[in-house]
Amino acid sequence: MRYKSQSVAYWYFAVAMVLFGLQLVFGLLSATKYLGPDPLLNILPFDVTKVIHTNLLIVWVLTGFMGATYWMVPDESRTELHSTKLAYIQLVLWTLMGVTAVIGYLFGYGTGNKLLEQPLPHKIVIVICMLIFLYNIGMTIKKSGRFTTTEGVLLLGLVSSAVLFFPALLHYENYTVSIFYRWWTIHLWVEGVWMMIMGAFLAYLLIRLSGADREVLEKWLYVIVGLVFIAGILGTAHHYYWVGVPYYWLPIGGFFSALEPLAIVGMAMYAYSAIRRSGLAHPNSLALHWTLGSTIFTLFGAGLLGLAHTWPSINKWTHGTLITAMHGHAAFYGAYAMIVLAMITYALPSLTNKRPEQGTTIGYWAFWLQLAGMFGMTLSFATAGIGQVYLERIMGMGYLDAQLKIQIHFVMLISTASIFATGVGLFIYDFFSYRPRFETLDNELTEHVVPADRAV
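Every value quoted in this text rests on a predicted model; they were computed, and no experiment measured them. (Residues numbered from 1 in each chain as written. Predicted model: local features only at pLDDT ≥ 70, side-chain atom pairs only at ≥ 80, totals over all residues. Heavy atoms only, no water.)

K.L.:
Would you mind going over the overall build of the chain with me for this structure?
P.N.:
Within the chain, the secondary structure is distributed over 15 helices and 0 strands. Along the first, second and third principal axes, the C-alpha atoms of the chain reach 70 × 45 × 45 Å. Here the chain holds 456 residues, and the buried ones make up 58% of them. In the chain, 84% of the contacts between residues at least 6 apart in sequence involve partners at least 24 apart. Surface summary for the chain: the accessible area is close to 18900 Å², and the carbon and sulfur share equals 71%. The chain carries 25 positive and 22 negative side-chain charges, and their two centres are separated by 1 Å. (Helix = DSSP H or I, 4+ residues; strand = E, 2+ residues; numbered from the N terminus. Buried < 20%, exposed > 50% of the residue type's maximum accessible area, 1.4 Å probe, protein only. Contact = heavy atoms within 4.5 Å. Areas by Shrake-Rupley, 256 points an atom, 1.4 Å probe, with all protein chains shown as cover. Lys, Arg positive; Asp, Glu negative; His and termini not counted. Charge placed at Lys NZ, Arg CZ, Asp CG, Glu CD.)

Here is the structure:
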């Protein structure tokens, strides 16, 4: 690492890995409940395990974003982090918030607002953590006097994420109103401003790993930001179809949802363009695997599978079924989990002692097992969802009767999820196999330095 304060990122990554592992435990537990009988029904019912599974996903990905930002911003700004003390205080508060929230869910302490179940005190802690985070990053960039387009897009995404969390602080007695405003946070995060964060990390990795021209890649970033604003914001309407809002949201949601994959296509194109220009010469080939894998899987999961079922005439049949789970798992993993794992893989050789830069054998096994497992999970959800739609929505069969008919698909799901979990377990094991280091190396001070005239 070029700057000592970048070592803060290791501890954020470590917390993210622990939470990632816990998320998988509760995810597998939730899936097995579909097969029954459930011996834990009165201790850990499905609604509790699912809440913990989905909320841990949000928390560990955000933790990974924070760690990746604390790694990337000093490197881009060419200066030490403004305050490592603030970064550690933020991590402690953030971790305590996550742990106590999970414990609360075990005892039914939550708001019931899907993906935003955190009670108000926890949400206030989230706001405090985000303010500390943004202040620390902003002051780092300010004192450096250097501000790249990549940093600008990252900062825009992070600030927008914080601002868009405010609707989640409000409580509405009317369920329809509550659901309406919930998407102002959830959709505008995962299908809006988080795409900017992903794009910034992707640009950073491609510049470092491929040696591609910064100016060319950052022009692509402008395209992605524009597409996110054009399609992502009004694309929120595809969540409004069946929650009691006026009919005019149907064509708006359908049209702009169809445009949303364009931003993802743009990302894939500029990743391909960078690699085509510069080749695959960087020694950290494992980080390249994760980086390119993220763009390809995002195009598949978020782009193709999202488009396949969000059009109103299709969504009226698939809404609230396992088809949504198919899209959600593939999209979230490709766009956000994989880009966090790419940033971790890129940074780890500098953050740990004696780790080979090209990656370890375990690291490559982790990559391919996760990819194969998630692809299998996606197909399992898809086949189960198609059967569910036909049996319930076309044939009129009851929910529980339909579940009995599609149980074989849950056997497939658990089998492929076990492959995925093995890959995640190997990644976590590989992460903690090497001791962290906290000193900079002289030869890294001049490594991958980008000419100053490329900054804006």
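On we go from here.
K.L.:
Just to check I follow, could you spell out the pattern of salt bridges for this structure?
P.N.:
Charged atoms that come close allow side chains of opposite charge to pair. Scanning the model with the defined rule gives 8 salt bridges in all. The salt bridge involving Arg-2 is made with Asp-75; its shortest N-O contact spans 2.9 Å. Taken together, the residues span a long stretch of sequence, with Arg-2 in the segment before helix 1 (8–32) and Asp-75 in helix 2 (residues 46–77) at a distance of 73 residues. As far as the burial class goes, Arg-2 and Asp-75 line up, both buried. (Salt bridge = Lys/Arg side-chain N within 4 Å of Asp/Glu carboxyl O.)

K.L.:
I would appreciate a short explanation of the packing of aromatic side chains in the present structure.
P.N.:
Aromatic ring pairs are described here by two measures, namely the spacing of the ring centres and the angle between the planes. On inspection of all chains with the given rule, the structure shows 34 aromatic pairs. Measuring from ring centre to ring centre gives 5.5 Å for Tyr-34 and Phe-46, while their planes differ by 85 degrees; the resulting arrangement is edge-to-face. Taken together, the positions of Tyr-34 in the loop between helix 1 and helix 2 and Phe-46 in helix 2 put the pair 12 residues apart, joining distant regions of the chain. Using a relative accessible area of 24% as the deciding quantity, one classes Tyr-34 as partly exposed. Plain terms: the ring middles of Phe-180 and Trp-249 are 6.4 Å apart, the flat faces sit at 65 degrees to each other, and that makes the pair edge-to-face. One end of the pair, Phe-180, is in helix 6 (residues 175–210); the other, Trp-249, is in helix 8 (residues 249–259), and 69 residues separate them in sequence. (Phe/Tyr/Trp six-rings, centres within 6.5 Å; stacked < 30°, edge-to-face > 60°.)

K.L.:
Sorry if this is basic, but what is going on with the environment of His-82 here?
P.N.:
Its place among the elements puts His-82 in the loop between helix 2 and helix 3 (84–106). On the basis of relative accessibility, which here comes to 31%, the residue His-82 falls in the partly exposed class. Linking His-82 and Ile-137, residues 55 residues apart in sequence, is a C-alpha distance of 7.3 Å. In contact with His-82, not counting residues within four places along its chain, are Tyr-135, Asn-136, Met-139, Thr-140 and Lys-143.

K.L.:
It is not clear to me how the environment of Leu-304 should be interpreted in this structure. Could you clarify?
P.N.:
Tracing the backbone shows Leu-304 in helix 10 (residues 285–310). Given the relative accessible area of 52%, Leu-304 is considered exposed. In the structure, Leu-304 is positioned 27 residues away from Ala-331 in sequence and 9.5 Å away in space, judged by C-alpha atoms.

K.L.:
Looking at this model, I keep getting lost on the packing of helix 2 against helix 5 (residues 149–163). Mind explaining?
P.N.:
A pair of packed helices is characterised by two quantities: the angle between their axes and the separation of those axes. Contact pair helix 2 / helix 5: the axes reach a minimum separation of 10 Å and the direction vectors enclose 145 degrees. Between helix 2 and helix 5 lies a crossing of left-handed hand. Listed contacts from helix 5 to Thr-69, Met-72, Val-73, Glu-76 and Ser-77 of helix 2 are Thr-150, Glu-151, Leu-154 and Leu-158. Tallied by class, residues from the contact of helix 2 with helix 5 come to 4 nonpolar, 3 polar and 2 charged. (Axes fitted to C-alpha atoms, helices over the stretch in contact; angles between N-to-C directions. Left-handed = near helix turned anticlockwise from the far one by under 90°. Nonpolar A, V, L, I, M, F, W, Y, C, P; charged D, E, K, R; others polar.)

K.L.:
In this structure, what is going on with the side chain of Arg-355? I would like to understand it.
P.N.:
With respect to the helices and strands, Arg-355 occurs in the loop between helix 12 (322–351) and helix 13 (361–394). We classify Arg-355 as buried; its relative accessible area is 10%. For Arg-355, the side chain forms a polar contact with the main-chain oxygen of Asp-430, separated by 2.7 Å. Look past the residues within four positions of Arg-355 in its chain and what remains in contact with it is Leu-348, Pro-349, Thr-360, Asp-430, Phe-431 and Tyr-434. (Polar contact = N/O pair within 3.5 Å; in protein donor to acceptor, adjacent residues only side chain to side chain.)

K.L.:
Hey, could you run me through the environment of Ala-31 in this one?
P.N.:
Looking at the element boundaries, Ala-31 is found in helix 1. Note on Ala-31: relative accessible area 11%, which makes it buried. The spacing of Ala-31 and His-289 is 258 residues in sequence and 29 Å in space, taken between C-alpha atoms. Apart from the residues within four sequence positions on either side, Ala-31 is in contact with Phe-410, Leu-413 and Ile-414.

K.L.:
Would you take a moment to explain helix 6 for this structure?
P.N.:
Because an α-helix packs 3.6 residues into every turn, residues spaced three or four apart end up facing the same way. Taking 1.5 Å per residue as the helical rise, helix 6 with its 36 residues ought to reach 52 Å, and the 49 Å between its terminal C-alpha atoms agrees with that figure. Along its length, helix 6 reaches its greatest deviation from straightness, about 60 degrees, at Trp-189. The element helix 6 is extensively covered by neighbouring structure, given that 30 of its 36 residues are classed as buried. The N-terminus of helix 6 is capped by Asn-174, whose side-chain oxygen sits 2.9 Å from the backbone nitrogen of Thr-176. With its phi angle positive at about 70 degrees, Gly-211 sits one or two positions after the end of helix 6. (Expected span 1.5 Å × (residues − 1). Bend = angle between axes of the 7 residues up to and from the residue.)

K.L.:
I would appreciate a short explanation of helix 2 in the present structure.
P.N.:
End to end, helix 2 covers 46 Å across 32 residues, agreeing with the expected 46 Å (1.5 Å per residue, within 8%). Among the 32 residues of helix 2, 29 are classified as buried, and the element is accordingly described as predominantly covered. In the stretch just after helix 2, Arg-78 is the one whose phi turns positive, near 60 degrees.

None of this, on its own, says anything about what the molecule does.
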